[in-house]
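# Commentary on secondary and tertiary structure
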Amino acid sequence: MTTTQAATELDAFRADEATIRMGGGAKAIERQHAKDRLTARERIARLVDPADEGGDAPLDPHRDEIPNFTELGLWSAYNMYAEHGGAPAAGVVTGIGVIHGRRHMIIANDATVKAGAFFPMTCKKIIRAQHVARMARMPLVYLVDSAGVYLPLQEDVFPDTDDFGRIFYLNSIISAEGIPQTAAIMGFCVAGGGYLPVLCDTLLMTEGSGLYLAGQALVKAAIGQEVSDEDLGGATMHAEISGTIDFKEPDDAACLTRLREVLAKRRGEETGRRRDEETRPEDMDGAGSEESVSPSLRLSDSGAPFRRPVRDGSDILSIFTDKPGEQYDIEEILACIVDGRTMPNADGHESLVPDFDEYKADYGRSIVCGYARIGGRACGVVANQGSISRQTKAGGRAGPHESVNMPRVIYHESADKAARFIMDCNQRKIPLVFIHDTTGFMVGRDSEQAGIIRAGAKMVNAMSNSVVPKIVLITGSSYGAGNYAMCGKAYDPRLIVGWPTAEIAVMGGAQAAKVLLQIEATLCEIYPVWKADEVN
């Protein structure tokens, strides 16, 4: 082959690759944009670290290779399924992407190809990507936007060893091996495909997306129930009622920003953020010494710059209260403790906010959990909420209803959330910080019927078997089983710090007095002679 022939062949090869990257074609891309959603390749381009400055032409991810992303299996399903309209790249984009300087295996459904449905080769391509990640112990990121199994070819997708079910099997095995998996639902995720993101360690979802086992039509046909997409499996429902998702985001852009933040908070990621995200020229006069850092920044013990907390520590004196009947918001306390960071705001600029990504913010609100940075180091925070909160509950035929959660009390939803969060921090291998101000677990008929003992035991079990360092801060009350669940001294915390307002007891003084008085009154009713003797 001559040089000219080789060049011609190479040009043709590159042209074919560009065609494959178009997925379902220009019209399908337009339809995706009409839904205010990005395509799979646009999402990946925003997720991975940006290219070094100096490029001339703007990047077109449907034509060009994405910087910091090595695509795998681009030619999968090439010229296959012609009778079904084809499936470029098997309807899924897989490859190794660099996020905060660390390699991740990225698997993204391409909704421009048959709404992201699974063809036989789609399964094989995803399974291969999972195997590669497993061998390299590489974290996985799934960007989910799929209609599920492509039904005309279900006999080749569903039943066999290396078909659809194998993906979920590997999900579970990879998680058990301690390899982090994170999923973001940015479209529809239906039927069996719904298990893939939920089997991951952390799950994000955008408003307008759907996650359910059966859609409206199937539900009506099966049980005669008429229900909206939102009530069936919308982001708000899963954030507030089912507690299935960990982060609800308004759109793709916000979801990808949050995803990058969450991926950055793992062990060994203290300096994982790119330097251009941590600092700007106006913040730094030089580097390498505390004197060269502006007042808004400090240097961690690893030498990485981090921002001071958004609020001054002295503000805690005006925020916190231990007086009965008075309330405070624990998130205001956290703003005085965790590092600051810049985040995009609604005006298209950046605002300084606490470096705290709250976990399941709309579920189990009497405990606040989240990934934070303190002194430049990633950690997980589990803190009792000092103010009244509300919990949306499933309501059967009557529909969802709201209940009020009392301050400083642990409810069964909160205990379930905290247990899951503690296990996720162990998966991430980041230390846990417990901030106590609790009167214990909720009591009463409704709480017992909801399984408060089971939920509390689950939280205690997760905390007891935690292998990461645990640090405890007691700000106010630490009563009864609440002390145990929040990592009391019997559970081997590395360090316990108490404020002057800290109290540790089986229960509070007022509650103990009432209980003893009630017991004495009951005994007097049973044994009247005691009362007579007391009078004499």
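What this report covers is the structure whose coordinates are included nearby.

Take the overall build of the protein chain next. Looking only at helices and strands, one finds 20 helices and 23 strands in the protein chain. For the protein chain, the C-alpha radius of gyration of 27 Å lies close to 24 Å, the compact-globule estimate for 536 residues. When the 536 residues of the protein chain are sorted by exposure, 49% land in the buried category. In the protein chain, 67% of the contacts between residues at least 6 apart in sequence involve partners at least 24 apart. Of the accessible surface of the protein chain, which amounts to about 25700 Å², a share of 54% is contributed by carbon and sulfur atoms. Side chains of the protein chain carry 56 positive and 74 negative charges; the gap between the two charge centres is 3 Å.

Okay, the packing of aromatic side chains next. Aromatic ring pairs are reported here in terms of the distance separating the ring centres and the angle at which the planes meet. Tallied over the full model, the rule gives 14 aromatic pairs. On the numbers, 5.0 Å between centres and 70 degrees between planes, the contact of Phe-164 with Phe-168 is edge-to-face. Taken as a pair, Phe-164 and Phe-168 lie in helix H6 (residues 164-176) at a separation of four residues, close to a single helical turn. Owing to a relative accessible area of 5%, Phe-164 belongs among the buried residues under this scheme. Note on Tyr-359 and Tyr-371: the rings are 6.2 Å apart at their centroids and 85 degrees apart in plane angle, and the pair reads as edge-to-face. Linking Tyr-359 in strand S13 (residues 356-359) with Tyr-371 in strand S14 (residues 367-374), this pair joins segments that are twelve residues apart in sequence. A relative accessible area of 0% places Tyr-359 in the buried class. One residue, Arg-428, lies across the ring of Tyr-371, its end atom 4.2 Å from the ring centre.

Looking now at empty space enclosed by the protein. Overall, the coordinates contain four cavities of 30 Å³ or more when judged by the stated rule. In this structure, the largest cavity encloses a volume near 60 Å³. Lining of the largest cavity is provided by Asn-109, Phe-118, Val-144, Ser-146, Cys-189, Val-190, Gly-193 and Leu-196. Those elements that place two or more of their residues in the lining of the largest cavity are strand S4 (140-146) and strand S5 (181-190). Residues belonging to the lining of the largest cavity are distributed by class as follows: five nonpolar, three polar and no charged.

Take helix H15 (residues 412-428) next. When the terminal C-alpha atoms of H15 are compared, their 24 Å separation across 17 residues agrees well with the 24 Å that a helix rising 1.5 Å per residue should span. Immediately beyond the C-terminal end of H15, within one or two residues, lies Lys-429, with a positive phi of roughly 60 degrees.

Further remarks concern the environment of Gly-340. Within the element layout of this structure, Gly-340 appears in strand S11 (residues 340-344). Since its relative accessible area comes to 5%, Gly-340 is described here as buried. Sequence separation of Gly-340 and Gly-395 is 55 residues, and the distance between their C-alpha atoms is 40 Å. When near neighbours in sequence (up to four residues on either side) are disregarded, Gly-340 contacts Arg-307, Arg-308, Pro-309, Val-310, Leu-352, Val-353, Pro-354 and Asp-355.

Moving on to the pattern of salt bridges. Using the criterion set out here, one finds 29 salt bridges in the structure. Lys-220 is paired through a salt bridge with Glu-226; the nearest N and O atoms lie 3.2 Å apart. Its salt-bridge partner being Lys-265, residue Asp-355 comes within 2.9 Å of it at the nearest N-O pair. Note that Asp-355 is positioned in the loop between strand S12 (350-354) and S13 and Lys-265 in the loop between helix H11 (252-264) and helix H12 (275-278), a separation of 90 residues in sequence. Summarising the burial analysis for this pair, Asp-355 and Lys-265 share the class buried. Each of the salt bridges in this network shares a partner with another, and the network as a whole consists of Glu-249, Arg-258, Glu-261, Lys-265, Arg-341, Asp-355, Asp-357 and Arg-373.

Let's shift gears to the layout of surface pockets. Space inside the second largest pocket adds up to approximately 860 Å³. Contributing to the lining of the second largest pocket are 31 residues, with Val-409, Thr-439, Tyr-479, Gly-508 and Gln-511 lying nearest its centre. Counting only elements with at least two residues in the lining of the second largest pocket, the list comes to strand S20 (440-441), strand S21 (470-479), helix H18 (480-485) and helix H19 (509-526). Within the lining of the second largest pocket, the residues separate by chemical class into twelve nonpolar, 13 polar and six charged.

Once that is clear, we can look at H6. Buried residues of H6: Phe-164, Ile-167, Phe-168, Leu-170, Asn-171, Ile-174 and Ser-175, and no others. For H6, the arc enclosing every buried residue in end-on projection is 160 degrees, short of the 170-degree limit, so these residues lie on one face. Contacts from the buried residues of H6 go to helix H4 (120-136), S4, helix H5 (154-157), S5, helix H7 (195-198) and H15. Count one or two residues on from H6 and you reach Gly-178, which has phi positive near 85 degrees.

Turning our eyes to something else, we now look at the nonpolar core. The biggest cluster of nonpolar side chains holds 50 residues, and the ones touching the most others in it are Ile-44, Leu-47, Ile-106, Leu-143, Leu-259, Val-382 and Phe-434. Formed by 41 residues, the second largest nonpolar core is a distinct cluster that contains Ile-127, Val-132, Ile-174 and Met-205.

Cut-offs applied
- Residues numbered from 1 in each chain as written.
- Predicted model: local features only at pLDDT ≥ 70, side-chain atom pairs only at ≥ 80, totals over all residues.
- Heavy atoms only, no water.
- Helix = DSSP H or I, 4+ residues; strand = E, 2+ residues; numbered from the N terminus.
- Rg over C-alpha atoms; globule rule 2.2 N^0.38 Å.
- Buried < 20%, exposed > 50% of the residue type's maximum accessible area, 1.4 Å probe, protein only.
- Contact = heavy atoms within 4.5 Å.
- Areas by Shrake-Rupley, 256 points an atom, 1.4 Å probe, with all protein chains shown as cover.
- Lys, Arg positive; Asp, Glu negative; His and termini not counted.
- Charge placed at Lys NZ, Arg CZ, Asp CG, Glu CD.
- Phe/Tyr/Trp six-rings, centres within 6.5 Å; stacked < 30°, edge-to-face > 60°.
- Lys NZ or Arg CZ within 6 Å of the ring centre and 35° of its normal.
- 1 Å grid on protein atoms, 1.4 Å probe; cavity = no way out; pocket = protein on both sides within 12 Å on 5 of 7 lines; lining within 4 Å.
- Points joined across faces, edges and corners; volume = space filled by probe spheres on them.
- Nonpolar A, V, L, I, M, F, W, Y, C, P; charged D, E, K, R; others polar.
- Expected span 1.5 Å × (residues − 1).
- Salt bridge = Lys/Arg side-chain N within 4 Å of Asp/Glu carboxyl O.
- Arc of directions from axis to C-beta.
- Core = buried A, V, L, I, M, F, W, Y, C linked by side-chain atoms within 4.5 Å.

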